[in-house]
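Observations on the three-dimensional arrangement
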Amino acid sequence: MAVTVRHLAAEDIDDAYVLIRLGYADLSQADWRTMARQRIEAGETTGGILVARDRMGRLRGLLLYAIAPKFAGRPSLQIDRLISFDLLDPATVADALIAEVLRVAEICDCDSLSLVRPLDAPPHTTALVLASGATVLHQVF
């Protein structure tokens, strides 16, 4: 499946509401419109919303991201949510969205990636944090 990815434009906001509800079931249309407009107005260098469309122009995916400063070093690409829909292969849409957000991160001089997880994460969260590369452990003995 051929997919094109670009930043959300004002004319896409209402069309994208169906997809955003797949990732945020309780988000009202008014709140979505407000949040989407704020992301568009803020500019792509602080974050944004990417949309993926198929050959027929149908929306197939959304990726919400932010470019976040860090305590030290260059900014970090933060992926808030990736929503991908296809009857047969949603991974193709997800791959196209990820490739584009990584291109944006390079343009914005990011040197790291973070993924937003719900705070009520499962018990293996400690193992995920330790394996993430964000942890520095020191031991004397």
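Note that residues are indexed from 1 along each chain, following the sequence as it is written. This being a predicted model, a pLDDT of at least 70 is required before a residue's local features are given, and a value of 80 or more before pairs of side-chain atoms are given or counted; all residues contribute to the totals for chains, interfaces and linings. Side-chain descriptors were evaluated using all non-hydrogen atoms of the structure, hydrogens and water having been removed beforehand.

So, on to unusual backbone geometry. A positive phi angle, close to 60°, is found at Asp-109, a residue other than glycine. Along the chain, Asp-109 turns up in the loop between α3 (90-107) and β5 (112-115). Helix and strand assignments follow DSSP, with helices taken as H or I runs no shorter than four residues and strands as E runs no shorter than two, numbered in order from the N terminus.

With that settled, consider the sheet that holds strand β2 (residues 47-54). Reading across from one edge, β1-β2-β3-β4-β5 is the order of the five strands in this open sheet, with mixed pairing throughout. On the outer flanks of this sheet lie β1 (3-7) and β5, each paired with one strand and no other. Pairs of neighbouring strands in the sheet enclose a mean axial angle of 25°, with direction left out of account. For two strands to count as paired, DSSP must find a minimum of two bridges between them. Pairing analysis gives four bridges linking strand β4 (residues 76-84) to β5, with the strands arranged parallel. For Ser-76, the partnering residue across the bridge sits in β5 and is Ser-112. Note on definitions: a residue-residue contact is assigned when non-hydrogen atoms from the two residues lie within 4.5 Å. Axis definition: a line fitted to C-alpha atoms, over the contacting stretch in the case of helices. Angles run 0 to 180 degrees between N-to-C directions. Where helix α2 (residues 29-42) meets the sheet, its contacts fall on β2, β3 (59-68) and β4, and the angle it forms with β2 comes to roughly 105°. Across the sheet, α3 is in contact with β1, β2, β3 and β4; its angle to β4 comes to roughly 160°.

As a further point, take the packing of aromatic side chains. Aromatic pairing here means that ring centres of Phe, Tyr or Trp (its six-membered ring) are within 6.5 Å. Orientation follows from the plane angle: under 30 degrees is stacked, over 60 is edge-to-face, and everything else is tilted. Counting across every chain of the model gives zero aromatic pairs. Directly above the aromatic system of Tyr-24 lies the positively charged group of Arg-81, at a separation of 4.2 Å from the ring centroid. Think of it as a cone above the ring: NZ of Lys or CZ of Arg counts as a charge over the ring if it is within 6 Å of the ring centre and within 35 degrees of the ring normal.

A contiguous nonpolar surface patch, about 510 Å² in accessible area, is contributed by Leu-22, Phe-85, Leu-87 and Leu-88. With respect to the secondary-structure elements, Leu-22 resides in helix α1 (residues 13-23). Patch membership needs two things, relative accessible area over 30% and no salt bridge, and members are linked within 9 Å if like-charged or within 5 Å if nonpolar (Val, Leu, Ile, Met, Phe, Trp, Tyr). Every accessible area reported is derived by Shrake-Rupley at a probe size of 1.4 Å, with residue values counting cover from the shown protein chains alone. For this analysis, a salt bridge means a side-chain nitrogen from Lys or Arg found within 4 Å of a carboxyl oxygen belonging to Asp or Glu.

Glancing now at the nonpolar core. Core analysis: the largest hydrophobic core is formed by 15 residues, its most contacted members being Leu-8, Ala-16, Ile-20, Trp-32, Ala-36, Ile-49 and Leu-62. Secondary structure elements with two or more residues in this core: α1, α2, β2 and β3. In this structure, Ile-20 is in contact with Leu-27, Trp-32, Leu-62, Leu-64 and Ile-83, ignoring residues within four places of it in sequence. One finds Leu-50, Leu-97, Cys-108 and Cys-110 within the second-largest nonpolar core, a separate group that totals 14 residues. Within this scheme, the nonpolar core is defined by two criteria: the residues are buried Ala, Val, Leu, Ile, Met, Phe, Trp, Tyr or Cys, and they are joined through side-chain atoms within 4.5 Å. Relative accessibility under 20% of the residue-type maximum defines a buried residue, over 50% an exposed one, and the middle range a partly exposed one, all with a 1.4 Å probe and only protein chains included.

Turning our eyes to something else, we now look at α1. Since the α-helix packs 3.6 residues into each turn, any two residues three or four apart lie on the same face. When α1 is considered as a whole, its buried residues turn out to be Ile-13, Ala-16, Tyr-17, Leu-19, Ile-20 and Gly-23. Considering only its buried residues, α1 is in contact with α2, β3 and β4.

Turning our eyes to something else, we now look at the pattern of salt bridges. Scanning all chains against the criterion turns up nine salt bridges. Close ionic contact of Arg-33 with Asp-14 constitutes a salt bridge, the shortest N to O distance being 2.7 Å. Remark: Asp-14 occurs in helix α1 and Arg-33 occurs in helix α2; sequence separation between them is 19 residues. Residue Arg-33 is classed as partly exposed on the basis of its relative accessible area of 28%. For the salt bridge of Asp-109 with Arg-74, the shortest nitrogen-to-oxygen distance reads 3.2 Å. Residue Asp-109 is found in the loop between α3 and β5, and its partner Arg-74 is found in the loop between β3 and β4; the two are separated by 35 residues along the sequence. Among the residues examined, Asp-109 registers a relative accessible area of 41% and is labelled partly exposed.

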